[in-house]
Amino acid sequence: FVLLCLGLGFIILALARPQLGSKLREVESRGIEMMLVVDVSNSMLAEDFQPNRLERTKYAIDKLFDGLKQDRVGLVVFAGDAVVQLPITSDYRMAKAFARRISPSMVSVQGTDIGQALSLATMSFSEKGDNPAGRVIVLITDGEGHDSGAIEAAERADDAIAVAERAAQMGVKIFTIGIGTPEGAPIQIGGEFIKDDKGEMVVSKLGEPLLEKIAQATDGAYIRSTNQSIGLDEIVRTINNMEKGDLAALRFEEFNEQYQYLLIAALVLLLLEFLLLDRRNPLLRRFNIFGTDTEK
């Protein structure tokens, strides 16, 4: 009776599928590694795109993540300095959460140092050995900096083009998106418009020539945003036709199942119960296994 109850008890526990911890599983796939490089300088607060350039960019990035499947994404934000906001990952839910928090306060130094941002993005791809296929940088910026002089701006432009040429040698393509209008719009922070040293209102205009040169250097493409489309959809369609690279990811989705051990224990107990029960097994009747008084 005890053996039978224990056996049935182990079967019930096995049906509950007890699990312990988790195990790593490496999943192989083919896809693209995409680093999004987003300008968070104050000029991205201009309102020629509603509600402003930066908010429209964040909305487009959120929609972009909804359409990805096996690709990896990372995020770099920049102004006068550059910061990796999100390392390369395939966790789109986390990527969306990080993208929603993008703001100018993430970078303390104002300006528009595109070269430094592209350099940081190029170094942020995962190690893939001799297979560099499927690496893309998408640069989203208005392409204009108001916090540097003409000479410094020219030096930064040359540096950005040099970085793009190095990226091309590494097999990385750069797609640039210019967000803004050629007519431009004033920049408003905290309800007040930014003014220059002469007291005149600063108007941020789209700077396209540099963005076009960066894209050309890597055989990428330049797209000017509109109020209807930022341009990410067009770039994704182009990227989907590119050669995919081999991607490997460690997943924690599978837990260590323990039910099989309970089933084995249950089978052993039920087998013993079957062998020891004399009315089911007449061959064992002559053996007094439990030392009971058989004459009774």
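A short tour of the structure in this document, coming up. (Residues numbered from 1 in each chain as written. Predicted model: local features only at pLDDT ≥ 70, side-chain atom pairs only at ≥ 80, totals over all residues. Heavy atoms only, no water.)

A word on the overall build of the protein chain
In step 1: Counting its regular elements, the protein chain contains eight helices and twelve strands.
In step 2: Put simply, the protein chain has 296 residues, and 42% of those count as buried.
In step 3: Long-range pairs, those at least 24 residues apart, make up 79% of the contacts in the protein chain with a sequence separation of at least 6.
In step 4: As displayed, the protein chain has an accessible area near 16,500 Å², and 54% of this comes from carbon and sulfur atoms. (Helix = DSSP H or I, 4+ residues; strand = E, 2+ residues; numbered from the N terminus. Buried < 20%, exposed > 50% of the residue type's maximum accessible area, 1.4 Å probe, protein only. Contact = heavy atoms within 4.5 Å. Areas by Shrake-Rupley, 256 points an atom, 1.4 Å probe, with all protein chains shown as cover.)

What to know about the sheet that holds strand S2 (residues 33–39)
In step 1: Here six strands make up an open sheet; going across it, the order is S4-S3-S2-S5-S6-S11 and the pairing mixed. Among the strands making up the open sheet, the edge pair consists of strand S4 (82–89) and strand S11 (222–224). On average, each strand axis in the sheet is inclined to that of its neighbour by 15°, with strand direction left out of account.
In step 2: Alignment of S2 against strand S3 (residues 72–78), held across seven bridges, turns out to be parallel. Bridge pairing in S3 places Val38 opposite Val77. (Pairing = 2+ DSSP bridges. Axes fitted to C-alpha atoms, helices over the stretch in contact; angles between N-to-C directions.)

Examining the packing of helix H2 (residues 53–66) against helix H3 (residues 92–100)
In step 1: Contact geometry for H2 and H3: axes closest at 10 Å, N-to-C directions at 180°. Accordingly, the angle class assigned to the pair H2 and H3 is roughly antiparallel. Note on element contacts: H3 touches H2 through Tyr92, Ala95, Lys96, Ala99 and Arg100, opposite Lys58, Ile61, Asp62, Phe65 and Asp66.
In step 2: Taken together, the residues of the contact of H2 with H3 break down into five nonpolar, no polar and five charged. (Parallel < 35°, antiparallel > 145°, perpendicular 65-115°, else oblique. Nonpolar A, V, L, I, M, F, W, Y, C, P; charged D, E, K, R; others polar.)

Here's the deal with the pattern of salt bridges
In step 1: Inspection of the entire model under this criterion finds nine salt bridges.
In step 2: Salt-bridge contacts for Asp142 lead to Arg53; the nearest nitrogen and oxygen are separated by 3.0 Å. Here Arg53 lies in helix H2 and Asp142 lies in the loop between strand S5 (135–141) and helix H5 (150–169), a separation of 89 residues in the sequence. Each member of the pair, Asp142 as well as Arg53, carries the same accessibility label: buried.
In step 3: Measuring nitrogen to oxygen at the nearest pair gives 3.2 Å for the salt bridge that ties Asp62 to Arg100. Taken together, the positions of Asp62 in helix H2 and Arg100 in helix H3 put the pair 38 residues apart, joining distant regions of the chain.
In step 4: For Asp62, a relative accessible area of 15% corresponds to the buried category. (Salt bridge = Lys/Arg side-chain N within 4 Å of Asp/Glu carboxyl O.)

What about H3?
In step 1: For H3, every residue scored as buried is listed here: Tyr92, Ala95, Lys96 and Ala99. End-on, the buried residues of H3 take up no more than an arc of 100°, which puts them together on one face.
In step 2: Next to the buried residues of H3 lie H2, S3 and S4.
In step 3: Between the side-chain oxygen at the start of H3 and the backbone nitrogen of Arg93 there is a gap of 3.3 Å, and the oxygen is on Asp91. (Arc of directions from axis to C-beta. Polar contact = N/O pair within 3.5 Å; in protein donor to acceptor, adjacent residues only side chain to side chain.)

Quick word on a nonpolar patch on the surface
In step 1: A contiguous nonpolar patch, built from Tyr261, Ile264, Val268, Leu271, Leu272, Phe274, Leu275 and Leu276 and spanning about 720 Å² of accessible area, is present on the exposed surface.
In step 2: Given a relative accessible area of 38%, Leu272 falls into the partly exposed group. (Patch = residues over 30% accessible without salt bridge, like charges linked within 9 Å, V, L, I, M, F, W, Y side chains within 5 Å.)

Looking at helix H8 (residues 259–276)
In step 1: With 18 residues, H8 ought to run about 26 Å at 1.5 Å a step, and its terminal C-alpha atoms sit 26 Å apart, in line with that.
In step 2: Buried residues of H8: Leu262, Ala266, Leu269 and Glu273, and no others. For H8, the buried positions fall inside an angular range of 70° around the axis, keeping them on one side. Set apart from the buried face of H8 by more than 90 degrees, the exposed residues are Tyr261, Ile264 and Leu267.
In step 3: Packing partners of the buried residues in H8 comprise helix H1 (2–15). (Expected span 1.5 Å × (residues − 1).)

Side note on the environment of Phe78
In step 1: Within the element layout of this structure, Phe78 appears in strand S3.
In step 2: Not counting chain neighbours up to four residues away, the residues in contact with Phe78 comprise Val37, Val38, Asp39, Val40, Ser41, Val107, Thr112, Asp113, Ile114, Ala117, Leu139 and Thr141.

Quick notes on the environment of Gln216
In step 1: Within the element layout of this structure, Gln216 appears in helix H6 (residues 208–217).
In step 2: Remark: the alpha-carbon pair of Gln216 and Glu165, spanning 51 residues in sequence, is separated by 9.4 Å.

Considering the pairing of S4
In step 1: As judged from the five bridges shared by S3 and S4, these two strands associate in the antiparallel manner. Counterpart to Phe78 in the pairing with S4 is Ala82.
In step 2: Between S3 and S4, which pair antiparallel and follow one another directly, the connecting turn spans three residues.

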